[in-house]
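Listed below, chain by chain, are the residues.
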Amino acid sequence: MAAYAEPHFSAWTQTVVSNITVVDKVPPEMLHMVDAHWYQFPPMNPLWHSILGFVIFILGVVSLIGNGCVMYIFTNTKSLRTPSNLLVVNLAFSDFLMMFTMAPPMVINCWYETWVLGPFACELYGMFGSLFGCASIWTMTMIAFDRYNVIVKGLSAKPMGNNGALLRILGIWAFALPWTLAPLFGWNRYVPEGNMSSCGTDYLTQDFFSRSYILVYSFFVYYLPLFSIIYSYIFIIQAVSAHEKNMREQAKKMNVASLRSQEAQNTSTEMKLAKVALVTISLWFMAWTPYLVINYTGIFKAAPISPLATIWGSLFAKANAVYNPIVYGISHPRYRAALYQKFPSLSCQDAPADDGQSMVSATTGCTEEKVAA
């Protein structure tokens, strides 16, 4: 009799366990937002929630400190308050707000292993992520256009003034806002993602009206800026290559090693910042491409999407808010010098040996970056 009881108990246990899904912990008021697709998956291992919550917490702290420093230093250092750097400040502002509004809710939900903040907070969470992501990528696009204007067009270019920079920034936010408000008014919607600890666009509803939002949005917020940036940098690289070739030919004619005049140094500085912008933009696309792939996989049913897969989309998408202050802090000498002066413990450069050496280093950095800021 005992021999028959044990397998019967095991089978019953297996049946009960198999009926537990990732949706079981979702509060009742959230169930109408959860797609039926997620009911087929068992709960994720709690370890994944712990890892995700911990990583998001670290990314949030680093992003808030880094972007806060960028905004403070660029706005409070006279030599850095230039029209071009207003775009940098706007980028830091957007990244700061992204992590300020998104990291705390995600950490809380990872602690509870499901979304516990209610339907309205879920919609706000998705809207903020879309708004600040869109603002960041179009700010980077404007930075690329500004580099194109300075490097490719040269002296014939019309310099961007403060009013021009502010107008561009206003246009960026005015462009981003309607796209992020649309799901709140019925064109697609914001819903919990498969991990149930974050919210985003609905890529599982198969009607054309809902799918069209993701297709149109991805064109204007992913492909259009991507191709615009590629276009800008193709001509930037061509212009710099031609310049370097002319420099080498002139040096050969004059029988000297190089012709590094002040103008040439300035051009090199512009190229260095162009490379920084290119790296930053590349990192941004590396961060958002996984989320785009998940959205496209959902609307085209190209492959099954598991709750664990949605973790990587959320993680990489939010990591972009950390890259920008790190890249600018390492690669911008004048920013680095100002950072050391105001926050020595956060600076990535060593302390100067003496005051005289410090003054020389600061002066040299400012000379080399005269037009870069």
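Residues numbered from 1 in each chain as written. Predicted model: local features only at pLDDT ≥ 70, side-chain atom pairs only at ≥ 80, totals over all residues. Heavy atoms only, no water.

Caption draft 1: Fine view of the pattern of salt bridges. Counted by the stated rule, this structure contains 3 salt bridges. Two residues, Arg-147 and Asp-146, come together in a salt bridge whose shortest N-O distance is 2.8 Å. Since its relative accessible area comes to 5%, Arg-147 is described here as buried. Looking at Asp-146, the relative accessible area reads 7%, which means it is buried. For Asp-202, the salt bridge goes to Arg-189, with nearest N and O atoms at 3.0 Å. Of this pair, Asp-202 sits in the loop between strand E2 (199–201) and helix H6 (208–253) while Arg-189 sits in the loop between helix H5 (162–181) and strand E1 (190–192), and the two are 13 residues apart along the sequence. Residue Arg-189 is classed as partly exposed on the basis of its relative accessible area, which comes to 29%. (Salt bridge = Lys/Arg side-chain N within 4 Å of Asp/Glu carboxyl O. Buried < 20%, exposed > 50% of the residue type's maximum accessible area, 1.4 Å probe, protein only. Helix = DSSP H or I, 4+ residues; strand = E, 2+ residues; numbered from the N terminus.)

Caption draft 2: Representation of unusual backbone geometry in the model. Not every positive phi belongs to a glycine, and Met-196 is a case in point at roughly 65°. Locating Met-196 in the fold gives a position in the loop between E1 and E2. Overall, Met-196 belongs to the buried group, its relative accessible area being 1%. A positive phi angle is found at Lys-301, which is not glycine, with a value near 50°. Within the secondary structure, Lys-301 sits in the loop between helix H7 (262–300) and helix H8 (307–331).

Caption draft 3: Up close: the confidence of the model for the chain. On average, residues of the chain carry a pLDDT of 80, and 79% of them reach 70 or more. Below pLDDT 50 for its whole length, residues 1–17 participates in 0 contacts with residues either more than four positions away or in separate chains. The model gives residues 351–373 a pLDDT under 50, and that stretch makes 29 contacts with residues more than four places away or in other chains. (pLDDT = per-residue confidence, 0-100. Contact = heavy atoms within 4.5 Å.)

Caption draft 4: Molecular detail of the side chain of Ser-218. Topologically, Ser-218 is positioned in helix H6. One polar contact links Ser-218 to Tyr-296, side chain to side chain, over a distance of 2.6 Å. In this structure Ser-218 touches Tyr-223, Leu-292 and Tyr-296, once residues within four positions along its chain are discounted. (Polar contact = N/O pair within 3.5 Å; in protein donor to acceptor, adjacent residues only side chain to side chain.)

Caption draft 5: Quick peek at a nonpolar patch on the surface. A contiguous nonpolar surface patch, about 610 Å² in accessible area, is contributed by Phe-54, Phe-57, Ile-58, Val-61, Val-62, Ile-65 and Ile-326. By residue number, the principal contributor to the nonpolar patch is helix H2 (residues 46–76), which donates 6 residues. With respect to the helices and strands, Phe-54 occurs in helix H2. (Patch = residues over 30% accessible without salt bridge, like charges linked within 9 Å, V, L, I, M, F, W, Y side chains within 5 Å. Areas by Shrake-Rupley, 256 points an atom, 1.4 Å probe, with all protein chains shown as cover.)

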